[in-house]
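Summary of the model geometry
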Amino acid sequence: MKKVLFSATVDSHILQFHLPYLKLFKENGYEVHVATNGDKNIPYCDRKYIIPFERSPFKINNLRAVSKLKNVIEKEKYDIIHTHTPMGAVVTRLSAKNVRKKYQTRVIYTAHGFHFFKGAPLKNWLLYYPVEKILSYITDDIITINLEDYDFAQKKLNCKNIHYVPGVGVDALKFNNTLSEEEIRTMKKELDIASKDFVIIYVAELNNGKNQYMIIRTLKNIINDGFENIKLLLPGIDSSKGRVKEYVKNLGLEKFVNIMGYRKDIPKLFAISDLSISCSKREGLPVNLIEAGMARKAEVATDCRGNRDLIKNGENGYIVKIDDDDNMKLKIEELMQDKEKLNSMGEKNFHMMQKYELKNIIEKMKKIYDL
């Protein structure tokens, strides 16, 4: 029986993005293995290996991870290894270096957004680019998920097969608004949202890279302009150690901002929202923007890699410069006051996001996997 190994630093990456592909391999007669630094149960997985991957490149555990994973790979003799996440991919490709020729194992790496990009700090270029350059020699296929990375990889990396696949795919059916008016009213009441409130949503982990501070400052400015019937929803794991919540408190915005933590009902939250926001400083290809499009929401997003692939300025939303609070305020206020434009942009966004639907991405991946 043929075997495939999926690897990533943590379980959550596999669980959130790659279950359809594990299922795809199972349906095609493969034995499916997963290697992560975690002990969660993974559907469609026949064997799970716990490898001490660390996110930081400076942790000694990554050397132990190379040794442990190398032994696994030598023993299992995989036909395909598909690796994800920066350090998971570094460790995996080093571990698989010898088996590519020895057992004709095919090593595939999906770059979910290179750490080096236009405007990235110099330290990112000095640390991550040389590593990717060297490892590209021992990678059979590199998959990029945005056009900036694809262009760069084609020009600068030494891998025979470089592909552009727009993301991991989103199940459009989950985001069809099937909530009744009564269900919407009930959910808004539970979240202390008045019927006349304009609801803004930013689905993202709370951290510096996602830059929630920008929309919080912008919200303060919008309220100062007299638009007080407004609510901001911030669903996502809080990796800011409470700093975002403290920032909201310091600006006196507690009654306007709902820091929600991890939520499993994102489609329902989109259904009760009017506008989707992204203030991110960098992205690979942001799933939250694709999901908002599937939910027929217009978007205001920052001008960064990944966001630029999805938002065409003035068509399905607006692009503003990172930390340009004034311009973000103007665009939001414009859409708050022009419901016709808000709705037409949302409809346009829905049609533009169809290329990112899961079934379309799976077809592209089947060709790469040769299934």
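The following refers to the structure shown. (Residues numbered from 1 in each chain as written. Predicted model: local features only at pLDDT ≥ 70, side-chain atom pairs only at ≥ 80, totals over all residues. Heavy atoms only, no water.)

**Some remarks on the packing of helix H2 (residues 19–27) against helix H16 (residues 358–369)**
Contact pair H2 / H16: the axes reach a minimum separation of 11 Å and the direction vectors enclose 50°. Comparing the axis directions of H2 and H16 gives the class oblique. Considering the relative orientation of H2 and H16, their crossing is right-handed. Residues Pro20, Tyr21, Leu24 and Phe25 of H2 pack against Leu358, Ile361, Ile362, Met365, Lys366 and Tyr369 of H16. Taken together, the residues that form the contact of H2 with H16 break down as nine nonpolar, no polar and one charged. (Axes fitted to C-alpha atoms, helices over the stretch in contact; angles between N-to-C directions. Helix = DSSP H or I, 4+ residues; strand = E, 2+ residues; numbered from the N terminus. Parallel < 35°, antiparallel > 145°, perpendicular 65-115°, else oblique. Left-handed = near helix turned anticlockwise from the far one by under 90°. Contact = heavy atoms within 4.5 Å. Nonpolar A, V, L, I, M, F, W, Y, C, P; charged D, E, K, R; others polar.)

**Side note on the nonpolar core**
One finds Ile215, Leu275, Ile277, Val300, Met328 and Ile332 to be the most contacted residues of the largest nonpolar core, which totals 33 residues. Here this core gets seven residues from one element, more than from any other, and that element is helix H9 (residues 212–224). When neighbours within four sequence positions are excluded, Ile215 is seen to be in contact with Tyr202, Leu232, Ile277, Cys279, Met328 and Ile332. Leu269, Ala271, Ala292 and Ile311 belong to the second-largest nonpolar core, a separate cluster that totals 32 residues. (Core = buried A, V, L, I, M, F, W, Y, C linked by side-chain atoms within 4.5 Å. Buried < 20%, exposed > 50% of the residue type's maximum accessible area, 1.4 Å probe, protein only.)

**Concerning the sheet that holds strand E10 (residues 257–261)**
The strand order across the open sheet formed by six strands is E10-E9-E8-E11-E12-E13, and the pairing between neighbours is parallel. This sheet does not close on itself; its edge strands, each paired only once, are E10 and strand E13 (317–320). Within this sheet the neighbouring strands show an average axis-to-axis angle of 20°, counted without direction. Across the face of the sheet, helix H15 (residues 339–352) comes into contact with strand E8 (198–201), strand E11 (275–278), strand E12 (298–302) and E13 while running at roughly 80° to E12. (Pairing = 2+ DSSP bridges.)

**As for the environment of Asp140**
Along the chain, the position of Asp140 falls in the loop between helix H6 (122–135) and strand E6 (141–144). Measuring from C-alpha to C-alpha, the distance between Asp140 and Thr105 comes to 9.2 Å, with 35 residues separating the pair along the chain. Leave out the neighbours within four places in its chain, and Asp140 touches Arg100, Thr105, Arg106, Val107, Cys159 and Asn161. Within the local environment of Asp140, its side chain forms a polar contact with the backbone nitrogen of Val107, the two atoms lying 2.8 Å apart. (Polar contact = N/O pair within 3.5 Å; in protein donor to acceptor, adjacent residues only side chain to side chain.)

**Things to note about the environment of Val244**
On the secondary structure map, Val244 appears in helix H10 (residues 243–250). The contacts of Val244, once residues within four sequence positions are left out, are Leu206, Gln212, Tyr213, Ile216, Leu234 and Ile259.

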